[in-house]
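# Survey of secondary and tertiary structure
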Amino acid sequence: HGLAHSWHGSKVFYKEIKEYFSHKFKPKKEEEKYIDQYSKAVKMLRTSKDGLKMLPFSFFLVVPFAEFGLPLYLLLFPNSIPSQFISHEDVEKKKK
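So, how was this worked out
- Residues numbered from 1 in each chain as written.
- Predicted model: local features only at pLDDT ≥ 70, side-chain atom pairs only at ≥ 80, totals over all residues.
- Heavy atoms only, no water.
- Helix = DSSP H or I, 4+ residues; strand = E, 2+ residues; numbered from the N terminus.
- Buried < 20%, exposed > 50% of the residue type's maximum accessible area, 1.4 Å probe, protein only.
- Contact = heavy atoms within 4.5 Å.
- Patch = residues over 30% accessible without salt bridge, like charges linked within 9 Å, V, L, I, M, F, W, Y side chains within 5 Å.
- Areas by Shrake-Rupley, 256 points an atom, 1.4 Å probe, with all protein chains shown as cover.
- Salt bridge = Lys/Arg side-chain N within 4 Å of Asp/Glu carboxyl O.
- Phe/Tyr/Trp six-rings, centres within 6.5 Å; stacked < 30°, edge-to-face > 60°.
- 1 Å grid on protein atoms, 1.4 Å probe; cavity = no way out; pocket = protein on both sides within 12 Å on 5 of 7 lines; lining within 4 Å.
- Points joined across faces, edges and corners; volume = space filled by probe spheres on them.
- Nonpolar A, V, L, I, M, F, W, Y, C, P; charged D, E, K, R; others polar.

A few words on the overall build of the chain. Across its full length, the chain carries four helices and zero strands. Seen in sequence order, the chain has helices and strands lined up from the N terminus as α-α-α-α. Counting every position in the chain, which comprises 96 residues, the buried fraction comes to 16%. Partitioning the intrachain contacts of the chain with sequence separation of at least 6 by distance along the chain shows that 64% fall at a separation of at least 24.

A cluster of nonpolar side chains, L72, L75, L76 and F77, forms an exposed patch at the surface whose accessible area comes to about 460 Å². Inspection of the secondary structure assignment puts F77 in the loop between α3 (70-76) and α4 (88-95).

As a further point, take the packing of aromatic side chains. In the structure shown here, the tally under the stated rule is six aromatic pairs. Ring centres of F57 and Y73 lie 5.9 Å apart, and the angle between their planes is 85 degrees; this geometry places the pair in the edge-to-face category. Remark: Y73 occurs in helix α3 and F57 occurs in helix α2 (residues 37-62); sequence separation between them is 16 residues. For the residue pair F57 and Y73, the accessibility class agrees, reading buried in each case. The structure contains a cluster of three or more aromatic residues connected by ring pairs, namely F57, F59, F60, Y73 and F77.

What follows concerns the layout of surface pockets. There is about 200 Å³ of room inside the second largest pocket. In this structure, the second largest pocket is lined by H5, H8, G9, V12, S83, Q84, I86, S87, H88, E89 and V91. Elements that contribute at least two residues to the lining of the second largest pocket include exactly α1 (2-25) and α4. No other element matches the four residues that α1 contributes to the lining of the second largest pocket. Taken together, the residues that form the lining of the second largest pocket break down as three nonpolar, seven polar and one charged.

This is how it looks when you write it as structure tokens:
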């Protein structure tokens, strides 16, 4: 179950990054500027935050045997997990 959730989260993250860059560099028509501007802005902000959250995880991939420090890192910084990799059950637990 955890592996499938991670695979799905990776696909969603890739899709959102692709959409972020295509939206950021695409010329806008005047009437397109205001159509769901707020929802796109929120999604782009979340995607850019998730991209920045992924940078420290690259350290654990590059440095040999650093993955043994990953549980300690997640214990010290629990909000460092990107939003696509957090299950709905964990979100509900945080709300309570």
